[in-house]
Every structure is written in structure tokens, then in C-alpha cells.
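Structural overview
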Amino acid sequence: MMTKLKYIASSFLLAVTILPLGAQNDSTGWTKPQDCKPFLRKASLISEMNGKKTSRQGADVYGNLLFDLANGGTCRVYDLKEAEKPLNAQSGKYLGEFTLGSAASENHCNAASFGPSSLSFKAQCRNASKGRFPLLLVSVGKAGVPSEFDLHVEKITRDKNGVFSSRLIQTISLDTTGFTSNGYIKTFGCPNWMIDKERGYLCAFSAIRRSLVETGSPMGTNRYVATIFRLPSYLRNSEKVSELPSKLVLSYKDIVSQHSFEFATFFTQAGYMSNGKIYYLFGTKSRDCFGNMSPKMVTFDIDTDKVTARMDLNGVVLEEPEDCCFYQGNLLINVNGDKVYRMGLAH
């Protein structure tokens, strides 16, 4: 639905078919991927910056480099050319760690997306080797903190000695004031932001209520919501960018469209968007006794407002899934652990 999505009244929401707790793994279309396997073995979870164990969160790729973010605002970089070797061939993959300009205790770094690039893959690899990157968008993704609606825009560089650094150049924030009165769905908060590079969209993905099992059976009336904005012009080809205002606020006046989806499963993580399709991760560690919140991937289509695929990752992705990105025809799934998984995009 590419037109304005009118407000869904509470009476309508209560009439939506309730998805029972534990119904995710029945015969409603959940399938196991056949090609999802570990692709890269990451470095120790102990941060070089402060000597503490860090939880891995958002991730994205530019050229042949993977940027693996951690709660609080540090980032590690890996050379994916080395990941093509067997998992026990570790040399050359890990390139270093640096601190984001937006680093803060409340910055969960839940999702990460590089801005679009007009360059070919080979040209991106050359740029990466020279320390030139598009702007990186980092979702705070932490419910209840003052910055939960924020998206930080980071400018990453790499000097001649191979040392990475980054500075915060802008914060994009979502203001939901006036959503309901102007016919839009107001979500609970804590959006994760994704870029649809093909269509030039910036998508804020959230839910009407938090997606936790412990909130109880009324979650059956919950909905996932994708709110679509035009990608700011400076992000449409962001290898080069001049100074920007420190703050950009998006409101209901900036919405291109809004899309409401069935509540397919619990516990949102982060995702990847391409040409109107959202590949989104859910759940925690693989546990048979914790099936409601075991790892899953759901594909949402904003052209039909439908769920088009449900992937059960329980027992396939053993760690908590965090974020995913596109690399050489496949999805890479970042986890809170020492691996990155690879899965065919056809799912």
C-alpha cells in the first residue's frame, strides 16, 4: 500500500485474529533454511577500548569490509575476503576496533545501515582500502531512554596507518506527535531504521506494543508497522558530504507511506530492506523450551502489506540474532557471539 495508511481504530485491532503463544512453530508456514551456515568467526567479545565484554548488535558491509557494532558505541571491522577461507583460517580478518562519535551508555547500536553508493562493488572495495566510506546510520534501539527514537549519522574514516575513527555528524529523530490525529499509527517507540537503497526510502520499523512474551496474551492484537520516509538527499550518494545541521526531525508531515503487518512472532531485533521487502530478525538464543522467542526471520512486503516468508532459525542460528545485511548475493546474519552466518537472499 503506497498511499497513506489510515488509522486503525482500536475496535478494529481487537478484531484481528489472535496469534496464540507458541503458534509460531505449527503448520502456518514456518520453514527451516537449508543454506544458513557460519561464514565468519569473529574476534573475542572483550573490547579493546575498555577491556569489558560487549554485546554485538548492528552490522553492515561496505565493499569487502564488515562493520560489527556493539552496545554502547564501539565497532569492529573485518575483511570478508578472508572469510571465504575455512573458519579456522583467522589471519587478516580482524582489522581493528574504534569508538563511534555517538558512543553513549544508552546507545544500544541495535541496527546499522550504510548510505547508498553509486559505485560498483569493485570500486567500493577500492574506496574501503583507501579509508573512504558512505555515511553509516546507527539506530539507538533501546526502549525507554530519551534517545530511543534517534538515528545517528556517523562519518567513518581510516588513516594511512589503517586506524579507523568516526565522528557524529547528525542525529535524525522521529517525532510521533500528531500521528494519530493525522491518520497514522503511533508505535510504542524504539524504532529500528533501515534504508531501501533501490527506492530511496528510510524506514522506521516498530510495533504498536513491545514485542515481548511476558507482556501477555493481548499481544495477539499487536501489529508491526513500517513507516516510510524519503531518504534525505545527502544520504542518496553519501561517499562525499559537507557539514550538516546537528539535528533533523522527521514528523507525520514527512511520511511517504505507512504499512501495518500481522504480528508474526516475538522479540524484534533488526533487519535489512531491499526494493520494498524487509528481511527482519526476531528472537533470542536457540532453545527448544523457549520456542516463542527462538531465532526467526520474517519477510515483510510493503507493496502488499503481507508477510511473504517465515524462516525458523531455531537450532540453525545458535546465538541471539541481531542484524543482517547484504553481501555478494547473500544475507549475512550478525549474532551476539563470535560468528556471522550466511544465508541465501531467496528466503
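Structure's up top.
Below or above, wherever it landed, is the structure these notes cover.

Each value, and the rule that gives it
Residues numbered from 1 in each chain as written. Predicted model: local features only at pLDDT ≥ 70, side-chain atom pairs only at ≥ 80, totals over all residues. Heavy atoms only, no water. Pairing = 2+ DSSP bridges. Helix = DSSP H or I, 4+ residues; strand = E, 2+ residues; numbered from the N terminus. Axes fitted to C-alpha atoms, helices over the stretch in contact; angles between N-to-C directions. Core = buried A, V, L, I, M, F, W, Y, C linked by side-chain atoms within 4.5 Å. Buried < 20%, exposed > 50% of the residue type's maximum accessible area, 1.4 Å probe, protein only. Contact = heavy atoms within 4.5 Å.

1. Describing the sheet that holds strand β21 (residues 330–335)
What the 4 strands build is an open sheet, ordered β2-β22-β21-β20; its pairing is antiparallel. Single-partner strands in this sheet number two, and they are β2 (37–41) and β20 (321–327). Averaged over all pairs of adjacent strands, the angle between strand axes in this sheet comes to 30°, irrespective of strand direction. Bridge count between β2 and strand β22 (residues 339–344): 4 bridges; the pairing is antiparallel. From the neighbouring strand, P38 faces β22, where its bridge partner is Y341.

2. Points about the nonpolar core
Counting 22 residues, the largest nonpolar core has F205, Y224, I278 and F300 as the members making the most contacts within it. For this core, the secondary structure elements donating two or more residues are β12 (201–207), β13 (223–230), β17 (277–282) and β18 (296–301). If we skip the residues at most four places from it in the chain, F205 touches C190, P191, N192, M194, Y224, V225, A226, I278, Y280 and F300. Residues L135, V153, I172 and L174 belong to the second largest nonpolar core, which totals 21 residues.

3. A word on unusual backbone geometry
Positioned with a positive phi, C190 is a non-glycine residue whose angle comes to about 50°. Here C190 is to be found in the loop between β10 (164–174) and β11 (192–196). By relative accessible area, which is 12% here, C190 ends up buried. In the Ramachandran plot, D305 falls in the positive-phi region, its phi being about 60° despite a non-glycine side chain. With respect to the helices and strands, D305 occurs in the loop between β18 and β19 (306–312).

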